[in-house]
Amino acid sequence: MSGPRAVALLSGGIDSTTAAAIAFSQGFVVYALTFDYGQRHRIEIQKAQAVAKAMALANHVIVPVDLRVFGGSALTGDIAVPKHRSPHEMGEGIPVTYVPARNTIFLSFALAWAEVLGAADIFIGVNALDYSGYPDCRPEYIDAYQRMANLATKVGVEGGQQLTIHTPLIKLTKAEIILRGIELGVDYSLTTSCYEPSPAGEACGACDSCLLRLRGFNANGIADPITYCVPATA
């Protein structure tokens, strides 16, 4: 493979899969990074593997970092996952599905791997419209992290190529993200979004992430290709 290298954070969901596809479409040789952080929706790790294989990415590394030792989130602790919330309710405050400092942790691993690879680009599928309550999905957070990263690495200190953190989805709606992925040939049947899937991996259709996903597909007049526990509507 030829072209500049980039590290892409890949969770197996719509946003990270689309961001990785965008990186690939821009000519980057993509190295995917997934985390086994003790999340209750562990099926996303399997989905990330399927996505990386389907895209024929240069490499895919799964890093274990157990955030259950801290808890503090519905995704890593004994806190109920919110269900059947309205768009207004989703937009109020920081949701309990926020995992403390998750993107800071993930970006730090991505930064380390990028430095080893000689890569000056990291892609992350953060989105400030659908998840405005997540403090580590905001443009000002990404800008601050990028400034810090260029102060914290050998290549940055020695005056080499500066790191760029790409956030191609940050100002897009879920519907726009899905449409962009379809244009790029993304197979969304390989992805998952659910925070509380069934033991068989079927999506619940009621958590915030499922509802946002369903609304995105509905807005495009396209059926969601994944399986839900019950007929799901948004």
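Residues numbered from 1 in each chain as written. Predicted model: local features only at pLDDT ≥ 70, side-chain atom pairs only at ≥ 80, totals over all residues. Heavy atoms only, no water.

Novice: When you look at the packing of helix α7 (residues 174-183) against helix α8 (residues 208-219) in this model, what are you seeing that I'm missing?
Specialist: Think of two packed helices as two axes; the pair is described by the angle between the axes and how far apart they sit. Here α7 crosses α8 at 65 degrees, and the two axes come no closer than 8 Å. Relative to α8, the crossing made by α7 is right-handed. Each of K174, A175 and I178 in α7 lies in contact with α8, whose residues at this interface are L212, R213, G216, F217 and A219. Considering only residue class, the contact of α7 with α8 consists of five nonpolar, one polar and two charged. (Axes fitted to C-alpha atoms, helices over the stretch in contact; angles between N-to-C directions. Helix = DSSP H or I, 4+ residues; strand = E, 2+ residues; numbered from the N terminus. Left-handed = near helix turned anticlockwise from the far one by under 90°. Contact = heavy atoms within 4.5 Å. Nonpolar A, V, L, I, M, F, W, Y, C, P; charged D, E, K, R; others polar.)

Novice: How should I be thinking about the side chain of S193 in this particular structure?
Specialist: Here S193 shows up in the loop between α7 and α8. Taking the relative accessible area as the measure of exposure, S193 reaches 12% and is therefore buried. Reaching out from S193, the side chain makes a polar contact with the side chain of R213 at a distance of 2.9 Å. (Buried < 20%, exposed > 50% of the residue type's maximum accessible area, 1.4 Å probe, protein only. Polar contact = N/O pair within 3.5 Å; in protein donor to acceptor, adjacent residues only side chain to side chain.)

Novice: Can you help me understand the pairing of strand β1 (residues 5-9) in this one?
Specialist: Counting buried positions along β1 yields four of five residues, so the element is predominantly enclosed. Here five bridges tie β1 to strand β2 (residues 29-36), and the two strands are oriented parallel to one another. Paired with A8 across the strands is A32, a residue of β2. You can see the chain leave β1, run along helix α1 (residues 14-25) and come back into β2, and the turn it takes is right-handed. Relative to strand β4 (residues 121-123), β1 runs parallel, the two sharing two bridges. Bridge pairing in β4 links V7 to I122. (Pairing = 2+ DSSP bridges. Right-handed = clockwise from strand over helix to strand, strands pointing away.)

Novice: Help me understand unusual backbone geometry in this model?
Specialist: Glycine aside, residues mostly have negative phi angles, and peptide bonds mostly take the trans form. One non-glycine residue with positive phi stands out, namely A56, at about 55 degrees. Mapped onto the elements of the fold, A56 is located in the loop between α2 (43-54) and β3 (59-64). Positive phi outside glycine occurs at H84, with the angle close to 55 degrees. Following the sequence through the fold, H84 ends up in the loop between β3 and α3 (87-90). Residue classification places H84 among the exposed residues on the basis of a relative accessible area of 66%.

Novice: Which parts of the structure should I look at to understand empty space enclosed by the protein?
Specialist: Here the structure, examined in full by the defined rule, presents three cavities of 30 Å³ or more. As a volume, the largest cavity reaches approximately 610 Å³. The wall of the largest cavity is formed by 31 residues, among which S11, D15, S16, E44 and R102 lie closest to the centre. Broken down by secondary-structure element, the contributors of at least two residues to the lining of the largest cavity are α1, β2, α4 (102-117) and α8. By residue class, the composition of the lining of the largest cavity is 14 nonpolar, twelve polar and five charged. (1 Å grid on protein atoms, 1.4 Å probe; cavity = no way out; pocket = protein on both sides within 12 Å on 5 of 7 lines; lining within 4 Å. Points joined across faces, edges and corners; volume = space filled by probe spheres on them.)

Novice: Explain the sheet that holds strand β5 (residues 164-166) here, please?
Specialist: Strand pairs in the sheet, formed through backbone hydrogen bonds, run parallel or antiparallel to each other. Strand order in the open sheet formed by five strands is β3-β2-β1-β4-β5, and the pairing between neighbours is parallel. The open sheet is flanked by β3 and β5, the only strands paired with a single partner. For this sheet, the mean angle separating the axes of adjacent strands, direction not counted, is 25 degrees. Direction of pairing for β4 relative to β5: parallel, over a ladder of three bridges. For F123, the partnering residue across the bridge sits in β5 and is H166. Contacts from α1 reach β1, β2 and β4 within the one sheet, and its direction differs from that of β2 by about 160 degrees. α2 rests against β2 and β3 of the sheet, and its axis sits at about 165 degrees to β3.

Novice: What is the right way to read the pattern of salt bridges from this model?
Specialist: A pair can form between side chains of opposite charge whenever their charged atoms are brought close. Evaluation of the coordinates by the stated rule reveals nine salt bridges. Here R40 and E196 are joined by a salt bridge, their closest N and O atoms 2.8 Å apart. Separated by 156 residues along the polypeptide, R40 in the loop between β2 and α2 and E196 in the loop between α7 and α8 bring together distant segments of the chain. Owing to a relative accessible area of 29%, E196 belongs among the partly exposed residues under this scheme. (Salt bridge = Lys/Arg side-chain N within 4 Å of Asp/Glu carboxyl O.)

Novice: Any chance you could explain the side chain of T97 here in plain terms?
Specialist: With respect to the helices and strands, T97 occurs in the loop between α3 and α4. Judged by relative accessible area, which is 2%, T97 ranks as buried. Side chain to side chain, T97 and Y134 meet in a polar contact 2.6 Å long.

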